[in-house]
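Understanding the architecture of this molecule
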Amino acid sequence: MAKPQVVVAPVLMSKLSVNAPEFYPSGYSSNYAESYEDGCEDYPTLSEYVQDFLNHLTEQPGSFETEIEQFAETLNGWVTTDDALQELVELIYQQATSIPNFSYMGARLCNYLSHHLTISPQSGNFRQLLLKRCRTEYEVKDQAAKGDEVTRKRFHAFVLFLGELYLNLEIKGTNGQVTRADILQVGLRELLNALFSNPMDDNLICAVKLLKLTGSVLEDAWKEKGKTDMEEIIQRIENVVLDANCSRDVKQMLLKLVELRSSNWGRVHATSTYREATPENDPNYFMNEPTFYTSDGVPFTAADPDYQEKYQELLEREDFFPDYEENGTDLSGAGDPYLDDIDDEMDPEIEEAYEKFCLESERKRKQ
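Residues numbered from 1 in each chain as written. Predicted model: local features only at pLDDT ≥ 70, side-chain atom pairs only at ≥ 80, totals over all residues. Heavy atoms only, no water.

The name recorded for the protein chain in an unreviewed UniProt entry is Polyadenylate-binding protein-interacting protein 1 isoform X2, from Equus przewalskii. Under the UniProt heading Subcellular location (unreviewed entry), the note attached to the protein chain is "Cytoplasm". (UniProt positions renumbered as here; feature names shortened; annotations may be inferred.)

Right, here's the structure in full:
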């Protein structure tokens, strides 16, 4: 027996009419509104409304920030039953695993809805039903990894979506602390095992994509727990490169991944903190220092051996910006009522504040 579709009840439609501008975010298809204005009594189903929004996000991902709040508010007035929540989860899951470029957006959408949907039935809230749906696919990982090309392609889409979920799905504790879902961390480890246990080219390419996406975060999490899982994965990759009958290009990809991991996943860490940095141990110590000029126009910085002497001479100069002529023009402003109003010297308060600033900067530099 076919599962009945959830439609918008008339009581909701009086609150959120399809021809109301707030019902459909900018850029939406107006088919529903037009049919309603023509007198059609066929209200859009939950499936139609959600699918339209998902397609809209796929085409215009930049609209997420401006339109997600209204979408969630609409769903809170609509998704009021277990069946409706199940249907919502399935629609988002299918979009995230069937449209290659939607896995990241789908994960962001899942994270937002997991915190903003108010319905929480006995069957589970949005996040619990989402993870339950992912588990259904996860449990057939070994068969999927060795299945036909179509099956493997669908499996790979699931793997990458789970990777995005691990990075984007936030779990808030009772004390407000935000963490990632440990169950997804465990799941990704087992999915990598399934991929490397069936070293076909497309399985290995999927493993490389997953590790480039999540490798640094996974390794940090494992290290915090004293685990050596990443070492085991790298060893397995090296064995695949030596023994597996994969293509030369895929072996090259695997070796590049090992190289990436050896460089700490491309992350750059400062060799010393700001307080510890000195001209002796930090070659960039003077990189952002300002450049000053002597009375002769010779530039100097804090890296100059005669910096102290030149800097003191600079402070003692009575006229910091002397008048000079350029192309026969007197820049002192003679004859210009605006420039004539400018004093030759700094205002005493400004000059005092400037000298204090210079002395304070000098003191900090010596510390």
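Quick look at the overall build of the protein chain now. Helix and strand counts for the protein chain come out as 16 helices and six strands. Within the protein chain, buried positions represent 38% of all 367 residues. Counting contacts in the protein chain only where the partners sit at least 6 residues apart, residues at least 24 apart contribute 63% of the total. For the protein chain, the computed accessible surface area is about 22400 Å², with 49% contributed by carbon and sulfur atoms. (Helix = DSSP H or I, 4+ residues; strand = E, 2+ residues; numbered from the N terminus. Buried < 20%, exposed > 50% of the residue type's maximum accessible area, 1.4 Å probe, protein only. Contact = heavy atoms within 4.5 Å. Areas by Shrake-Rupley, 256 points an atom, 1.4 Å probe, with all protein chains shown as cover.)

Attention now goes to the nonpolar core. Counting 76 residues, the largest nonpolar core has Leu75, Leu88, Leu113, Phe126, Leu165, Phe196 and Ile237 as its most contacted members. If you tally residues by element for this core, the top one is helix α11 (residues 201-224), at 10 residues. Discounting residues that sit within four places of it in the chain, Phe126 has contacts with Leu85, Leu88, Val89, Ile92, Cys110, Leu113, Ser114 and Leu117. (Core = buried A, V, L, I, M, F, W, Y, C linked by side-chain atoms within 4.5 Å.)

Turning our attention to the pattern of salt bridges. Where side chains of opposite charge bring their charged atoms close, a pairing between them can arise. Tallied over the entire structure, the rule returns 12 salt bridges. Arg189 is the partner of Glu232 in a salt bridge, and the nearest nitrogen-oxygen pair spans 2.9 Å. Of the two residues, Glu232 is situated in helix α12 (residues 229-243) and Arg189 in helix α10 (residues 182-197); the sequence distance between them amounts to 43 residues. On the accessibility criterion, Glu232 (42% relative accessible area) is partly exposed. (Salt bridge = Lys/Arg side-chain N within 4 Å of Asp/Glu carboxyl O.)

Let's shift gears to the packing of aromatic side chains. With the rule as written, the count across this model stands at four aromatic pairs. Where Phe53 meets Phe71, the ring centres are 3.8 Å apart and the plane angle is 5 degrees; that geometry is what we call stacked. Within this pair, whereas Phe53 is found in helix α3 (residues 46-59), its partner Phe71 is found in helix α4 (residues 64-78), the two being separated by 18 residues in sequence. Among the residues examined, Phe53 registers a relative accessible area of 0% and is labelled buried. (Phe/Tyr/Trp six-rings, centres within 6.5 Å; stacked < 30°, edge-to-face > 60°.)

Another point: the environment of Asn239. In this fold, Asn239 is placed in helix α12. Assessed through its relative accessible area of 35%, Asn239 is described here as partly exposed. Taking C-alpha positions, Asn239 is 10.0 Å from Phe196, a pair spaced 43 residues apart along the chain.

Let us look at the side chain of Asn111. Relative to the helices and strands, Asn111 is located in helix α6 (residues 103-116). Owing to a relative accessible area of 13%, Asn111 belongs among the buried residues under this scheme. Sequence-distant contacts of Asn111, defined by excluding residues within four places in its chain, comprise Asn168, Leu169 and Glu170.

Turning our attention to the packing of helix α5 (residues 82-98) against α6. Close contact between α5 and α6 brings their axes to 8 Å; oriented N to C, the two are set at 155 degrees. Relative to α6, the element α5 is oriented roughly antiparallel. Regarding α5 and α6, the two cross each other, and that crossing is left-handed. For the pair α5 and α6, the contacting residues are Leu88, Ile92 and Ala96 in the first and Ser103, Gly106, Leu109, Cys110 and Leu113 in the second. Of the residues that constitute the contact of α5 with α6, the class distribution is six nonpolar, two polar and no charged. (Axes fitted to C-alpha atoms, helices over the stretch in contact; angles between N-to-C directions. Parallel < 35°, antiparallel > 145°, perpendicular 65-115°, else oblique. Left-handed = near helix turned anticlockwise from the far one by under 90°. Nonpolar A, V, L, I, M, F, W, Y, C, P; charged D, E, K, R; others polar.)

With that settled, the discussion passes to the environment of Ile233. Structurally, Ile233 is set in helix α12. Remark: the alpha-carbon pair of Ile233 and Phe196, spanning 37 residues in sequence, is separated by 9.0 Å. In contact with Ile233, other than residues within four places in its own chain, are Arg189, Leu192, Phe196, Leu211 and Trp222.

With 13 residues, helix α7 (residues 126-138) extends 18 Å between its outermost C-alpha atoms, agreeing within 8% with the 18 Å of an ideal straight helix rising 1.5 Å per residue. Taken as a whole, α7 has its buried residues at Phe126, Leu129, Leu130, Arg133, Cys134, Glu137 and Tyr138. In this structure, the buried residues of α7 make contact with α5, α6, α8 (141-145), α9 (149-168) and α10. (Expected span 1.5 Å × (residues − 1).)

Helix length check: α4, at 15 residues, gives a terminal C-alpha distance of 20 Å against a target of 21 Å (1.5 Å per residue), a fit within 8%. Those residues of α4 that fall on the buried side of the exposure criterion are Phe64, Glu67, Ile68, Phe71, Ala72, Thr74, Leu75 and Trp78. Down the axis of α4, the buried set is contained in an arc of 165 degrees. They therefore lie on one face. (Arc of directions from axis to C-beta.)

The next subject is unusual backbone geometry. Even without being glycine, Asn264 reaches a positive phi, approximately 60 degrees. Tracing the sequence through the fold places Asn264 in the loop between α13 (248-262) and β3 (292-293). Exposure remark for Asn264: the relative accessible area of 26% places this residue in the partly exposed category. If you check the backbone angles, Trp265 has positive phi at about 60 degrees while not being a glycine. The topology assignment puts Trp265 in the loop between α13 and β3.

Now for the side chain of Asp229. Residue position: Asp229 is located in helix α12. When neighbours within four sequence positions are excluded, Asp229 is seen to be in contact with Arg189 and Trp222.

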